[in-house]
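A closer look at the structure
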Amino acid sequence: MAATLYDASAIQDHDRLAALDRREAVGTLVYEEVDRPCLIALVPKTHRLARKRRLTVADLEGERLIIQTPPHCPRAVTKLQLNLFHERLPGSMLPAESGEAVATLALAGFGIGILASIFMPPDGRISYIPLEGVEPLSYGIYHPKEVDGLTRRFISLLAHPS
């Protein structure tokens, strides 16, 4: 049986979805973590914050933030964004539908992009700065407990691409 990536929007059973969020085994599926990406700020190299090695939530006060919209963003990233930036006024947040849109708007000077590092589009004109004090995300795959050799190799390549 081949591994399948789970799509939270396709799951109607809320108990099962909650179990998936907790990364628990669900029925015959198990969760295998393949990466622990952090939340990063995308800052144009010309911005005053671009030379910092790390940023805090306090560093971002007064800045417009560009965030990926919830339907186009992993649930864990959406939860982090809500927890970190829940006190902001709506006008201080700019929604974007993809990582590429977040990067483009940041590069154009509309604000500072916030993304999971795994989704950052490469661009030499942007500084990718980790957010301090934010837990890394768990990025993984749900698959049947028993997998064939080809599926095991695929999961291994996800976890260790080089």
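In what follows, the structure referred to is the one given above.
Residues numbered from 1 in each chain as written. Predicted model: local features only at pLDDT ≥ 70, side-chain atom pairs only at ≥ 80, totals over all residues. Heavy atoms only, no water.

1. Structural notes on the overall build of the protein chain
The helix and strand inventory of the protein chain stands at four helices and seven strands. Each helix and strand of the protein chain, ordered N terminal to C terminal, gives the series α-β-β-β-α-β-α-β-β-β-α. Taking all 162 residues of the protein chain together, the buried fraction comes to 38%. Across the protein chain, every contact between residues at least 6 apart in sequence was considered, and the portion connecting residues at least 24 apart equals 76%. Entry remark: accessible area of the protein chain is about 9,800 Å², with carbon and sulfur atoms responsible for 55%. (Helix = DSSP H or I, 4+ residues; strand = E, 2+ residues; numbered from the N terminus. Buried < 20%, exposed > 50% of the residue type's maximum accessible area, 1.4 Å probe, protein only. Contact = heavy atoms within 4.5 Å. Areas by Shrake-Rupley, 256 points an atom, 1.4 Å probe, with all protein chains shown as cover.)

2. Thoughts on the sheet that holds strand 5 (residues 112-116)
Strand pairs in the sheet, formed through backbone hydrogen bonds, run parallel or antiparallel to each other. Taking strand neighbours across the sheet as the criterion, the five strands line up as 4-3-5-2-6 in an open arrangement whose pairing is mixed. Both outer strands of the open sheet, strand 4 (93-96) and strand 6 (126-130), are each paired with one neighbouring strand and no more. Looking at each pair of strands side by side, their axes are set apart by 30° on average, direction ignored. Where strand 2 (residues 39-44) lies against strand 6, five bridges are found, and the strand directions are antiparallel. In the strand pairing of strand 6, Ala41 is matched with Ile129. (Pairing = 2+ DSSP bridges. Axes fitted to C-alpha atoms, helices over the stretch in contact; angles between N-to-C directions.)

3. Let's talk about the nonpolar core
Membership of the largest hydrophobic core comes to 20 residues, with the highest contact counts inside it found for Val43, Leu55, Leu60, Ile112, Ile114 and Leu131. At the level of secondary structure, the elements contributing two or more residues to this core comprise strand 2, strand 3 (65-68), helix 2 (75-85) and strand 5. If we ignore the near neighbours within four places in the chain, the residues touching Leu131 are Leu39, Ile40, Ala41, Leu55, Leu60 and Ile114. If you look at the next biggest cluster of nonpolar residues, it comprises nine residues, including Ile40, Ala96, Val102 and Leu115. (Core = buried A, V, L, I, M, F, W, Y, C linked by side-chain atoms within 4.5 Å.)

4. Details of the environment of Arg48
Assignment of secondary structure puts Arg48 in the loop between strand 2 and strand 3. Here Arg48 is in contact with Asp59 and Glu63, once residues within four sequence places are set aside. Only 2.7 Å separates the side chain of Arg48 from the side chain of Glu63, close enough to count as a polar contact. (Polar contact = N/O pair within 3.5 Å; in protein donor to acceptor, adjacent residues only side chain to side chain.)

5. Comments concerning the side chain of Ser127
Positionally, Ser127 belongs in strand 6. At 3.2 Å, the side chain of Ser127 and the backbone oxygen of Ala50 are in polar contact. Apart from the residues lying within four places of it in its own chain, the contact partners of Ser127 are Ala41, Leu42, Val43, Lys45 and Ala50.

6. With respect to the pattern of salt bridges
Summed over all chains, the structure comprises five salt bridges. The residue Lys52 makes a salt bridge to Asp59 at a minimum N-O spacing of 3.7 Å. Classification of Lys52 as partly exposed rests on a relative accessible area of 37%. (Salt bridge = Lys/Arg side-chain N within 4 Å of Asp/Glu carboxyl O.)

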